[in-house]
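Spelled out from the first residue to the last, the chains are:
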Amino acid sequence: SQTIHQWPATLVQPVGSPLSLECTVEGTSNPNLYWYRQAAGRGLQLLFYSVGIGQISSEVPQNLSASRPQDRQFILSSKKLLLSDSGFYLCAWSRGSNEKLFFGSGTQLSVL
Amino acid sequence: AQKITQTQPGMFVQEKEAVTLDCTYDTSDPSYGLFWYKQPSSGEMIFLIYQGSYDQQNATEGRYSLNFQKARKSANLVISASQLGDSAMYFCAMREESWGKLQFGAGTQVVVTP
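Residue numbers restart at each chain and count upward from 1, following the sequence in its written direction. Following the order in which they are written, the chains are lettered starting with A and the ligands numbered starting with 1. It should be noted that, the model being predicted, local features are given only for residues of pLDDT at least 70 and side-chain atom pairs only at 80 or more, the latter also being counted only at that level, while totals for whole chains, interfaces and linings use all residues. Computation of side-chain values: all heavy atoms of the structure, hydrogens and water removed.

## Some words on the sheet that holds strand 7 (residues 65-70) of chain A
What holds strands together in a sheet is hydrogen bonding between their backbones, with the strands either parallel or antiparallel.
Residues and elements named next belong to chain A.
Consideration 1: Paired strands, as defined in this entry, are two strands with at least two bridges between them according to DSSP. Counting from the N terminus, the helices are the DSSP runs of H or I reaching at least four residues and the strands are the DSSP runs of E reaching at least two. Read across the open sheet, the four strands follow the order 1-3-8-7; overall the sheet is antiparallel. Looking at the sheet topology across the chains shown, the edges are occupied by strand 1 (3-7) and strand 7. Put simply, the sheet's adjacent strands are angled 20° from each other on average, direction ignored.
Consideration 2: Both strand 1 and strand 3 (residues 19-26) contribute to a ladder of five bridges, which runs antiparallel. Bridging across to strand 3, histidine 5 finds its partner in threonine 24. A fitted line through C-alpha atoms represents every axis, and for helices the fit uses only the stretch in contact; the resulting angles, taken between N-to-C directions, go from 0 to 180 degrees.

## So, the confidence of the model for chain B
Consideration 1: Residue-level confidence of the predictor is what pLDDT reports, using numbers from 0 through 100. For chain B, per-residue confidence averages 94 on the pLDDT scale, and residues scoring 70 or more make up 99% of the total.
Consideration 2: Across chain B, the secondary-structure element scoring lowest on mean pLDDT is strand 11 (residues 102-104) of chain B, at 90, and the one scoring highest is strand 9 (residues 74-79) of chain B, at 98.

## Concerning the pairing of strand 5 (residues 44-52) of chain A
Residues and elements named next belong to chain A.
Consideration 1: With seven of nine residues buried, strand 5 lies mostly within the body of the structure.
Consideration 2: Sheet analysis places strand 4 (residues 32-38) next to strand 5, joined by six bridges and oriented antiparallel. Across the sheet, residue tyrosine 34 finds its bridge partner in strand 5, namely tyrosine 49.
Consideration 3: Between strand 4 and the antiparallel strand that follows it, strand 5, lie five residues; glycine 41 among them carries a positive phi value of about 70°. Buried means the residue's accessible area, taken with a 1.4 Å probe over protein chains only, is under 20% of the maximum for its type, while exposed means over 50%, and partly exposed covers the values in between.

## Description of the packing of aromatic side chains
Consideration 1: We call Phe, Tyr and Trp rings a pair once their centres come within 6.5 Å, taking the six-membered ring for Trp, and we label the pair stacked below 30 degrees between planes, edge-to-face above 60, and tilted otherwise. Under the criterion given, the structure shown has 14 aromatic pairs over all chains.
Consideration 2: Relative to phenylalanine 104 of chain B, the ring of phenylalanine 103 of chain A has its centre 6.1 Å away and its plane inclined at 70°; by these criteria the two rings are edge-to-face. Within this pair, whereas phenylalanine 103 of chain A is found in strand 10 (residues 102-103), its partner phenylalanine 104 of chain B is found in strand 11, the two belonging to separate chains.
Consideration 3: Its relative accessible area of 7% is what places phenylalanine 104 of chain B among the buried residues.
Consideration 4: Each ring, one from tyrosine 25 of chain B and one from tyrosine 32 of chain B, has its centre 5.1 Å from the other, and the planes form 50°; the classification is tilted.
Consideration 5: For tyrosine 32 of chain B, a relative accessible area of 8% gives the class buried.
Consideration 6: Within the aromatic cluster, the residues linked to one another by ring pairs are Tyr34, Tyr36, Tyr49 and Phe103 of chain A together with Phe35, Tyr37, Phe47, Tyr50, Phe91 and Phe104 of chain B.
Consideration 7: A ring is considered to have a charge above it if a Lys NZ or an Arg CZ atom is located within 6 Å of its centre and within 35 degrees of its normal. Its guanidinium or amino end placed over the ring of tyrosine 64 of chain B, arginine 63 of chain B lies 5.8 Å from that ring's centre, counting from NZ or CZ.

## Some remarks on the state of the cysteines
All names here are of chain A.
Consideration 1: Two cysteine sulfur atoms form a disulfide, by the criterion used here, when they sit within 2.5 Å. Enumeration according to the criterion identifies two disulfides over all chains in this entry.
Consideration 2: At a sulfur-sulfur separation of 2.0 Å, the disulfide partner of cysteine 23 is cysteine 91. Of note, the bridge from cysteine 23 to cysteine 91 carries an S-S torsion of about -75° and is left-handed in sense. Placement of the pair is cysteine 23 in strand 3 and cysteine 91 in strand 9 (residues 87-94), with a sequence separation of 68 residues. Assigned by exposure class, cysteine 23 and cysteine 91 land together as buried.

## Here's the deal with unusual backbone geometry
Consideration 1: Across the junction of tryptophan 7 of chain A and proline 8 of chain A, the peptide omega takes the value 0°, indicating a cis bond.
Consideration 2: Mapped onto the elements, proline 8 of chain A comes out in the loop between strand 1 and strand 2 (10-13).
Consideration 3: Non-glycine residue lysine 16 of chain B carries a positive phi angle of around 80°.
Consideration 4: We classify lysine 16 of chain B as exposed; its relative accessible area is 69%.
Consideration 5: At alanine 81 of chain B, a residue that is not glycine, the phi angle is positive and equals roughly 50°.
Consideration 6: Given the relative accessible area of 38%, alanine 81 of chain B is considered partly exposed.

Here it is in structure tokens:
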């Protein structure tokens, strides 16, 4: 069966520090991968998606970047965090563009 | 423009009662899919049910059913026989064929009381 792992679960970082959140998928190959951000009490905003290794599409201009160094690995990064980067970050995968998404357990990021 | 609208920020429902969560959407694509997800306090997003725009019948999954009214562009979720474990945030989402990515509404917080 397929599983998705996302870590860490919580993270507190000072403003200006770097960020690296990692997400890996097991049990499937060539998944579509996604990073979403959820502000407190609000819906999900798509940040990045990837249909293959090295293929990253950004949905909104921001202080973050994403990379896919391996087929089932998706990394969310920042060189210098801003206060506005605080939020709940969710990684997700799907078999194809028209398939349902399976989500990871999320990372609560607090930038202080 | 907002593609998915969930007008109920929060709802209380008594255990064993049914509850309807509203969702309206906006698209000009003839082909699209509608999804409902549940997010408990742990934060994980759990897929509940899916309705395709060309599906003739309303989708059902156990205690969940989707009241799909295409002409009104609504896709309400009905939870029958509510349980305490149903307390969570519920999100409606849509994928348009032309764009291909899932867009979420703002969510509805459901609290089930004994």
